[in-house]
Amino acid sequence: MTEPLALYIHWPFCLSKCPYCDFNSHVRERIDHARFAAALRTELAFEAARIGPRPLGSIFFGGGTPSLMEPQLVADLIADATRLFAPVADIEITLEANPTSVEIGKLTAFRAAGVNRLSLGVQSLDAAALQSLGRQHDVAEARRALELARAIFPRLSFDLIYARPDQTLSAWRAELTQALALAADHLSLYQLTIEPGTPFEARHRRGEILLPADDLAVRLYEATAEEAAKFGLQRYEISNYAKPGAESRHNLAYWRYADYLGIGAGAHQRLVLDAARFAESRHRAPEPWAALVEQHGHGTAHREKIEPADAAREMLLMGLRLNEGIDAARFAQRTGVPLDDALDQTMLRAAIEEGYLERDATHLRATAQGQIRLDALLGAVVK
Amino acid sequence: MTSIPIERIRNFAIIAHIDHGKSTLADRLIPSPGALTAREMTSQVLDNMELEKERGITIKAQTVRLLYPAKDGLTYQLNLMDTPGHVDFAYEVSRSLAACEGSLLVVDASQGVEAQTLANVYQAIDANHEIVPVLNKIDLPAAEPERVKQQIEDVIGLDASDAVMISAKTGLNIEGVLEALVTRLPPPKGELNAPLKALLVDSWYDAYLGVVILVRIKDGKLKKGMKIRMMSLGSTHFVDQVGVFSPKMTVVDELLPGEIGYITAAIKTVADCNVGDTITEDRNPAAEALPGFKPSIPVVWCGLYPVDADDFEKLRESLGKLRLNDASFHYEAETSAALGFGYRCGFLGLLHLEIIQERLSREFDLDLIATAPSVVYRIHRNNGDVEELHNPSDMPDPSQIDHMEEPWIKATIMVPDDYLGAVLTLCNDRRGRQMDLTYVGNRAMAVYALPLNEVVFDFYDRLKSVSRGYASFDYVMDRYEESDLVRISILVNGDPVDALSFVAHKSAAEARGRSICMKLKDLIPKQLFKIAIQAAIGGRVIARETIGALSKDVTAKCYGGDISRKRKLLDKQKEGKKRMRQFGKVEIPQSAFLAALKMDN
């Protein structure tokens, strides 16, 4: 049976650029909505024709700020996707939104368009933190948005950023407890990362931003799982927490190294076509991307064939992020490489002995201790 | 070139401390008879290796012939022999001096006698040289010619009242130097009709001519086409070319007794031309060789490894090429678990080691790791066998060793009074035994017997630091002495790192073991697994440090758009591991070894 496809749709515009963010987002005074709507629908239709009918497990509107899209476009894209592919009965359709009043006003319309899961970019429940993160909303707006979203959408997630400069363990526990009280079935809790090329990086380099030392970051991470568990949310991926069964199906597709389609400026996709795997990405700049689509039907700018050895590395680096780990049989089937051939056996044994990895009859998984060191762990065990 | 009778030949060397003006004086002596055109007159013509110029030291012996019309109306042939200035080349120096009858002792009139000057001047005295003191830089405001003259008399025991006062820089009284050479130095002695006897002073490899041999004719004559024989090796060669340096290579018909010049004889490698050997005529050989020949023996050894394992072949070729030009350095292949494939190389001393290392990196563009220098120990096994130990990791189990010996040196240190206490403390800490301590003005001269082992450790750097750079140091190899020596192994998670093992005196073992463990702790980044670093003598651990496992290393966000980038980062991480050495589950960056091997702080 063909595994369901995951569909990602990128809306590349934001009202303003957050100083920590390195996503492909652009600020424009005016946006030609009609043009981008047409281009997105064209590219989706082009890809659907190219890869043929497949089951569709999820749609994810990401960005940028996709809640800035017109609800009609969201509705059209969902209708197109579910017509072009074969949606599974409980298809998950997520849209990312910011808790500003403008966007919140459109929530009912997004729900009507078919979105059944909302992901809110709350980032913090601390006024000063929201300001230093460059967010456009305040704490009251965030709370209002959460209440409203809970009422409108069957499923709701929101993001918080922690391990911020000067954040203490007790302050984070308090903030997180408030957040958990507002949470529904899912949370994404990220430690602040200084990304290259962002204003935060420049300030970090100048010593104006000091991240918590590793030991504190570890305690913050462990406290996060503890507090979340009190509210019934279990960590299932390094930065994601959910009630059982409420995991993000779309994101699971990435971590499980399933096929995914990416539509829109800068979107990535990985697909097995005619027994070969290709990684493709679209032109990152919105207008040139739209021009490409208008000319060729798609805005693909990069295309790379992924050989089995590379696929094996990719599946390892994604799969070990998940608590469920990697199914060895599925690994061999997805990558063409037996799991053991992709691993340095000496280091594997050492990592198991140290309690960083666990192996049973079917799965290889990273323990909590392994996950928090995953980058180093991968460097050691991946061949 | 017209022939000059032997009575009008003067062969001389110049003895001087670095920076006291030897090269400047040599440059002054050369143009006065108009030997070089302006274009050829690059500064310091005699030091012609790039490295020699940069460091202000002479590695290869050089020579130049000048014709000087003296005040007595006659023209003299002056042969200047530029000698290697450093103790590492003491034997080469002694052969260069043996080719001359006299020396100019050049002393900076503002600085006075330095340790290096002393060692060389004693060698010149041993070679029965007539020595002419020359005070240089007398134009400087800080010059104290009377004090320095007194110092020369007090320290060296030479009469300096007739010292020639010059400024090589301005050219002041160069004439006085030339006249002193003519009037104060004896002419060479030699028998024209005796069988050929020529001293092989030095040799080097020339890309066009093959090996060029510098010779001093003692008896007989040397001509093109002659079949010569190296008396120590018994090998024979036909002479292609005979010439002199003026300072350009100039072909002559023959070299006569007392003369210094070069020959070429289609010789492929300098290893066939031992410094100090006697060259004779194959058909009519001399009955006995000139005295004093010694094959060169390396006293300091270290491992040289390419940083990039792929460069091993290049290292092999480069060492071969260097050896063409420097027979005094030795190399043999060796394998290290920590560093891979490389060579164990033997050198005449630490400077020689540094020069070879620098030439490898500069001329051959090689990125190298050098293990800690080790001296040559003598091991007396229980069964009576005696063997030499060049590599600490080859040391047999202590139960098989009856006793060991280590080389000692006689070191001369000159230092201003203010720093004497610190210098003496340093020498005592390094197991030194004071042999002599004298004061000359406000400077002290300390003579110490020191184990060479303690000197190769980081003695130079410590000496420089405790004397703020004012101490000068020189040494000669002295003898072997029985010693209580142990091998210290460095273990990473229980695995010995062969490249880091070293031999030390028992009294220093623990401190040194601890210091290297602490150093490694700072140098090795935290990793996935905790790392135990131990120093051990046999099975006994004498020092231990632990590097804890890194506590966090994870990417917070990783979704569909991040996979390619993450995979490429992982590939880069793997690429970086080529520069790592694996010890069980621990990977140590080569840079950590490199830094640990640099023993200076």
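Quick caveat, the model's predicted, so the values are computed rather than measured.

Caption draft 1: The overall build of chain A, seen in detail. Regarding its fold elements, chain A presents 16 helices and 15 strands. Residue burial in chain A is summarised as follows: out of 383 residues, 57% are buried. Across chain A, every contact between residues at least 6 apart in sequence was considered, and the portion connecting residues at least 24 apart equals 70%. Of the roughly 15000 Å² that chain A leaves accessible, carbon and sulfur atoms contribute 53%.

Caption draft 2: Expanded view of the packing of aromatic side chains. In total, this model carries 22 aromatic pairs over all chains according to the counting rule given. A centroid spacing of 5.1 Å and a plane angle of 80° characterise the contact between Phe13 of chain A and Phe36 of chain A, whose relative ring orientation is edge-to-face. Within this pair, whereas Phe13 of chain A is found in the loop between strand E1 (5-11) and helix H1 (33-51), its partner Phe36 of chain A is found in helix H1, the two being separated by 23 residues in sequence. Just as Phe13 of chain A is buried, Phe36 of chain A falls in that class too. Ring geometry for Phe312 of chain B versus Tyr343 of chain B: centroids 5.4 Å apart, planes at 5°, classification stacked. Here Tyr343 of chain B lies in strand E19 (residues 340-347) and Phe312 of chain B lies in helix H7 (residues 312-325), a separation of 31 residues in the sequence.

Caption draft 3: Focus on the pattern of salt bridges. In this structure the tally under the stated criterion is 59 salt bridges over all chains. Where Asp571 of chain B meets Arg313 of chain A, a salt bridge forms, and the shortest distance between an N and an O atom there is 2.8 Å. In this pair, Asp571 of chain B sits in helix H12 (residues 563-576) while Arg313 of chain A sits in helix H12 (residues 308-319), so the two residues belong to two different chains. Look at Asp571 of chain B and you get partly exposed, because its relative accessible area is 24%. A salt bridge links Glu406 of chain B to Arg431 of chain B, with the nearest nitrogen and oxygen atoms 2.6 Å apart. Taken together, the residues span a long stretch of sequence, with Glu406 of chain B in strand E24 (residues 401-416) and Arg431 of chain B in the loop between helix H9 (420-429) and strand E25 (433-440) at a distance of 25 residues.

Caption draft 4: Here's a closer look at the interface of chain A and chain B. The interface is formed by 44 residues belonging to chain A together with 28 residues belonging to chain B. Across the interface of chain A and chain B, roughly 3400 Å² is buried in total on both sides, 56% from carbon and sulfur atoms. Across the contact surface, chain A and chain B share 7 salt bridges. Put simply, Glu314 of chain A and Arg567 of chain B hold a salt bridge, and the shortest N to O gap is 2.9 Å. Counting every contact that joins chain A to chain B gives 24 residue pairs in polar contact (both at pLDDT 80 or more). Elements with a contribution of two residues or more to the side of chain A that touches chain B: strand E6 (186-191), helix H9 (214-230), helix H10 (249-255), strand E10 (268-273), strand E12 (300-306), H12, helix H14 (345-353) and helix H16 (374-381) of chain A. By residue number, the principal contributor to the side of chain A that touches chain B is H16 of chain A, which donates 7 residues. When the residues that make up the side of chain A that touches chain B are grouped by side-chain class, the tally is 23 nonpolar, 9 polar and 12 charged.

Caption draft 5: A look at the pairing of E25 of chain B. Residues and elements named next belong to chain B. Here 7 bridges tie E25 to strand E26 (residues 443-451), and the two strands are oriented antiparallel to one another. Each bridged residue has a counterpart across the sheet, and for Asp436 the counterpart in E26 is Val447. Hairpin connection from E25 to E26: 2 residues lie between these consecutive antiparallel strands, with Gly441 at a positive phi of about 60°.

Caption draft 6: Structural view of the packing of H14 of chain A against H16 of chain A. All names here are of chain A. Two elements in contact, H14 and H16, have axes separated by 8 Å at closest approach and are oriented at 145°. Listed contacts from H16 to Met347, Leu348 and Ala351 of H14 are Leu377, Ala380 and Val381. Here the residues of the contact of H14 with H16 sort into 6 nonpolar, no polar and no charged.

Caption draft 7: How the structure looks around the nonpolar core. Residues and elements named next belong to chain A. Within the largest apolar cluster, 125 residues are counted, with the highest numbers of intra-cluster contacts made by Phe61, Leu120 and Leu316. Top element by residues in this core is H1. It accounts for 7 residues. If we ignore the near neighbours within four places in the chain, the residues touching Leu120 are Ala97, Asn98, Pro99, Ile104, Ala145, Leu146, Ala149, Leu156, Ser157, Phe158 and Asp159.

Caption draft 8: Geometry of the sheet that holds strand E2 (residues 62-69) of chain B. All names here are of chain B. Judged by pairing direction, the sheet is mixed, and its 6 strands sit side by side in the order E2-E3-E1-E4-E5-E6 without closing on themselves. Two strands in the sheet have a free side with no partner beyond their single neighbour: E2 and strand E6 (164-165). Looking at chain direction, strand E4 (residues 102-108) and strand E5 (residues 130-136) are connected through 7 bridges and run parallel. By the bridge assignment for E5, Val106 is matched with Val134.

Caption draft 9: Quick look at the sheet that holds strand E11 (residues 236-238) of chain B. Residue and element names in this part refer to chain B. With antiparallel pairing, the 8 strands of this open sheet are ordered in space as E11-E10-E16-E7-E8-E15-E12-E13. Two strands bound the open sheet, and with one partner strand each, they are E11 and strand E13 (249-251). Averaged over all neighbouring strand pairs, the angle between strand axes comes to 40°, with direction disregarded. Sheet topology places strand E12 (residues 241-245) next to strand E15 (residues 260-264); 3 bridges connect them, and they run antiparallel. Residue pairing in the sheet places Gly243 in a bridge with Tyr262 of E15.

Caption draft 10: Examining the side chain of Ser374 of chain B more closely. Residue and element names in this part refer to chain B. Turning to its location among the elements, Ser374 is positioned in strand E21 (residues 374-375). Accessibility expressed as a relative area gives 5% for Ser374, which makes it buried. With residues near it in sequence (within four places) discarded, Ser374 still touches Val299, Val300, Trp301, His390 and Pro392.

Conventions we followed
- Residues numbered from 1 in each chain as written.
- Chains lettered and ligands numbered in written order.
- Predicted model: local features only at pLDDT ≥ 70, side-chain atom pairs only at ≥ 80, totals over all residues.
- Heavy atoms only, no water.
- Helix = DSSP H or I, 4+ residues; strand = E, 2+ residues; numbered from the N terminus.
- Buried < 20%, exposed > 50% of the residue type's maximum accessible area, 1.4 Å probe, protein only.
- Contact = heavy atoms within 4.5 Å.
- Areas by Shrake-Rupley, 256 points an atom, 1.4 Å probe, with all protein chains shown as cover.
- Phe/Tyr/Trp six-rings, centres within 6.5 Å; stacked < 30°, edge-to-face > 60°.
- Salt bridge = Lys/Arg side-chain N within 4 Å of Asp/Glu carboxyl O.
- Buried area = accessible area lost by both parts, 1.4 Å probe.
- Polar contact = N/O pair within 3.5 Å; in protein donor to acceptor, adjacent residues only side chain to side chain.
- Nonpolar A, V, L, I, M, F, W, Y, C, P; charged D, E, K, R; others polar.
- Pairing = 2+ DSSP bridges.
- Axes fitted to C-alpha atoms, helices over the stretch in contact; angles between N-to-C directions.
- Core = buried A, V, L, I, M, F, W, Y, C linked by side-chain atoms within 4.5 Å.

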